[in-house]
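# Residue-level structural notes
Take a look at the letters that make up each chain.
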Amino acid sequence: MKLLFPYLKPYRKSVVIAILFMLFDVICEILQPILMSNIVGAGIQSQNIPYILGIGAVMLLLAVFAIFSGFGNAKHSATAGVGFAANLRKGLCSSFPLKISTIFLPPPSRPGSPTM
């Protein structure tokens, strides 16, 4: 792992932000069933319509926040992942004595079974 961390270093901020967005998304998703049980347990049994509407509005806001947290997580994790892969590829290609583009493989003399 110590060999891979230098390639991820420029994207530390994106990694941390992606983890935080994922944490917020999971918290919002976990709170939804708890709030629904509160609606059924306290609101419906006592026929308290304002309580039901209030908790329903909180659930709606949590769902919207979870959607935007998911979008933020996807954006930042993709940024970190693609950047890490590019840096890793650049690091691997620069460590070879010959550049990969200069490697020449002669064509096979006879078509093999994979060409059929």
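Heads up: these notes are all about the structure in this document. The model shown is predicted, which means the values in this text are computed figures rather than measured ones. The residue numbers shown here count from 1 along each chain, following its written sequence. Where totals are concerned, whole chains, interfaces and linings use all residues; where local detail is concerned, this predicted model gives features only for residues with pLDDT of at least 70, and gives and counts side-chain atom pairs only at 80 or more. Note: side-chain values were computed over all heavy atoms of the structure, leaving out hydrogens and water.

### Quick notes on the packing of aromatic side chains
- Ring pairs are drawn from Phe, Tyr and Trp, using the six-membered ring of Trp, whenever the two centres fall within 6.5 Å, and their geometry is named by plane angle: stacked under 30 degrees, edge-to-face over 60, tilted for the rest. Summed over all chains, the structure comprises 2 aromatic pairs.
- Taking the centre distance of 6.1 Å and the plane angle of 50° together, the rings of phenylalanine 24 and phenylalanine 65 count as tilted. Residue phenylalanine 24 is located in helix α2 (residues 12–44), and its partner phenylalanine 65 is located in helix α3 (residues 49–94); the two are separated by 41 residues in the primary sequence.
- Here phenylalanine 24 falls in the partly exposed class, since its relative accessible area comes to 35%.
- With a centroid separation of 6.2 Å and 75° between ring planes, the pair formed by phenylalanine 68 and phenylalanine 71 is classed as edge-to-face. You can see phenylalanine 68 and its partner phenylalanine 71 sitting in helix α3, 3 residues apart, about one turn around the helix.
- Under the scheme applied here, a residue whose accessible area is under 20% of the maximum for its type counts as buried, over 50% as exposed, and between as partly exposed, the area being computed with a 1.4 Å probe on protein chains only. Note on phenylalanine 68: relative accessible area 52%, which makes it exposed. Under the DSSP-based scheme used, a helix requires at least four consecutive residues in state H or I and a strand at least two consecutive residues in state E, with every element numbered from the N terminus.

### Quick notes on the nonpolar core
- We call a set of buried residues a nonpolar core when its members are Ala, Val, Leu, Ile, Met, Phe, Trp, Tyr or Cys and they connect through side-chain atoms within 4.5 Å of each other. Of all hydrophobic cores here, the largest spans 7 residues; its members are Cys28, Leu35, Ile39, Ile55, Met59, Leu62 and Ala66.
- Looking at this core, the elements that each hand over two or more residues are α2 and α3.
- Counting residues per element, this core draws most heavily on α3, at 4 residues.
- In contact with leucine 35, not counting residues within four places along its chain, are Ile55, Val58, Met59 and Leu62. In this description, contact between two residues means that some pair of their heavy atoms is separated by no more than 4.5 Å.

### Some remarks on α2
- Expected span of a helix: the number of residues minus one, times 1.5 Å. The terminal C-alpha atoms of α2 lie 47 Å apart, and with 33 residues this matches the ideal 48 Å at 1.5 Å per residue to within 8%.
- Residues of α2 that are buried include every one of Ser14, Ala18, Asp25, Cys28, Gln32, Leu35, Ile39 and Gly43, and no others.
- Where α2 is buried, its residues meet α3.

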